[in-house]
Amino acid sequence: MVDNAKANPIVSVVMGSDSDLSVMQEAIQMLSYFDIPYEIDIVSAHRTPDKLFQFAKNADKRGIRVIIAGAGGAAHLPGMIAAISALPVIGVPIRSSNSIDGWDSILSILQMPNGVPVATVALNAAKNAGILATQIIAVSDINLLNKVKEYKENLRDEVLIKGSSLSNDQNKHNS
Ligand code: RP5
């Protein structure tokens, strides 16, 4: 593990390469914000297939409840984890050095066959992956659910404040 600082992780954040880390860091920031114990590692579907298999096979037995997997280009990591594990998998398509324009990563992760879902977030949207993982855990944790509600209320308040400051500026300009 690259960072095993958190004891008894319940969310696993994996990525195909260390070059994905700058994007995937945002998932970690959200998990830290919500105080979710997580682990982080590099697992490559193409370069370390045995590790991928072992990881996906054993994640639930280790106490992991949600897996966030990010990859770019021919992004097979989230889909292959979902093929092996019964845990919910959130896929983060990454616009990486080998991406044509990001669509390759998006479609590789999004277009899963029936029976093997991957909850795919927007391109580079690791932040949303962190929030979604938190929401999944919060289904059976009322305190965490309240924290998510508070987070969403803050989002609303920020927009309302920006809206009123914009209309105040405009009104001053017009008077
Ligand atoms: C994918 O290939 C990785 O997830 C990464 O997004 C991309 C490029 O990897 P590197 O060549 O930078 O290691 O498997």
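Summary of the structure given here. All figures in this text were calculated on a predicted structure; none of them were measured in a lab.

Scoring rules and cut-offs
Residues numbered from 1 in each chain as written. Predicted model: local features only at pLDDT ≥ 70, side-chain atom pairs only at ≥ 80, totals over all residues. Heavy atoms only, no water. Helix = DSSP H or I, 4+ residues; strand = E, 2+ residues; numbered from the N terminus. Buried < 20%, exposed > 50% of the residue type's maximum accessible area, 1.4 Å probe, protein only. Contact = heavy atoms within 4.5 Å. Areas by Shrake-Rupley, 256 points an atom, 1.4 Å probe, with all protein chains shown as cover. Lys, Arg positive; Asp, Glu negative; His and termini not counted. Charge placed at Lys NZ, Arg CZ, Asp CG, Glu CD. Salt bridge = Lys/Arg side-chain N within 4 Å of Asp/Glu carboxyl O. Pairing = 2+ DSSP bridges. Right-handed = clockwise from strand over helix to strand, strands pointing away. Axes fitted to C-alpha atoms, helices over the stretch in contact; angles between N-to-C directions. Left-handed = near helix turned anticlockwise from the far one by under 90°. Nonpolar A, V, L, I, M, F, W, Y, C, P; charged D, E, K, R; others polar.

**Points about the overall build of the protein chain**
Helix and strand content of the protein chain: six helices and five strands. Taken over the C-alpha atoms alone, the protein chain extends approximately 70 × 40 × 35 Å along its principal axes. Taking all 175 residues of the protein chain together, 41% fall into the buried category. A separation of at least 24 residues holds for 69% of the contacts in the protein chain among residues at least 6 apart in sequence. Working note: accessible area of the protein chain is about 9700 Å², and carbon and sulfur atoms make up 54% of it. On the protein chain, the mean spot of the 15 positive side-chain charges and the mean spot of the 17 negative ones are 3 Å from each other.

**Some points on the environment of Gly70**
Note that Gly70 resides in strand E3 (residues 66-72). Relative accessible area serves as the criterion here: at 0%, Gly70 is assigned to the buried category. Spatially, the C-alpha atoms of Gly70 and Val14 are 6.4 Å apart, while their sequence positions differ by 56 residues. For Gly70, the contacting residues outside a window of four places in its chain are Val14, Met15, Gly16, Asp20, Met24, Leu77, Val92 and Ile94.

**What to know about the pattern of salt bridges**
All chains considered together, the criterion is met by three salt bridges. A salt bridge links Glu39 to Arg62, with the nearest nitrogen and oxygen atoms 2.8 Å apart. Within this pair, whereas Glu39 is found in strand E2 (residues 38-42), its partner Arg62 is found in the loop between helix H2 (49-58) and E3, the two being separated by 23 residues in sequence. On the basis of relative accessibility, which here comes to 2%, the residue Glu39 falls in the buried class.

**Details of the pairing of E2**
Of all five residues that make up E2, four are buried, and the element is covered over most of its length. Judged from the five bridges that link them, strand E1 (residues 11-15) and E2 form a sheet pairing that is parallel. Within E2, the position partnered with Val13 by the bridge is Ile40. Taken together, E1, helix H1 (residues 21-33) and E2 form a β-α-β motif whose crossover is right-handed.

**Side note on the sheet that holds E2**
Spatially, the five strands line up as an open sheet ordered E2-E1-E3-E4-E5, and their pairing is parallel. Edge positions in the sheet fall to E2 and strand E5 (119-120), since each has one partner strand and no second. The strands touched by H1 are E1, E2, E3 and strand E4 (89-94); relative to E1, the strand with the most contacts, the crossing angle is about 170°. Lying on the sheet, helix H3 (residues 77-84) is in contact with E1, E3 and E4; it crosses E3 at an angle near 145°.

**Observations regarding the packing of H1 against helix H5 (residues 126-138)**
Axis separation between H1 and H5 bottoms out at 7 Å; the angle between their running directions is 35°. Here H1 runs over H5; the crossing is right-handed. Between H1 and H5, the contacting residues are Val23, Met24, Glu26, Ala27, Met30 and Leu31 on the first element and Ala126, Lys127, Gly130, Ile131, Ala133 and Thr134 on the second. Residues of the contact of H1 with H5, tallied by class, amount to eight nonpolar, two polar and two charged.

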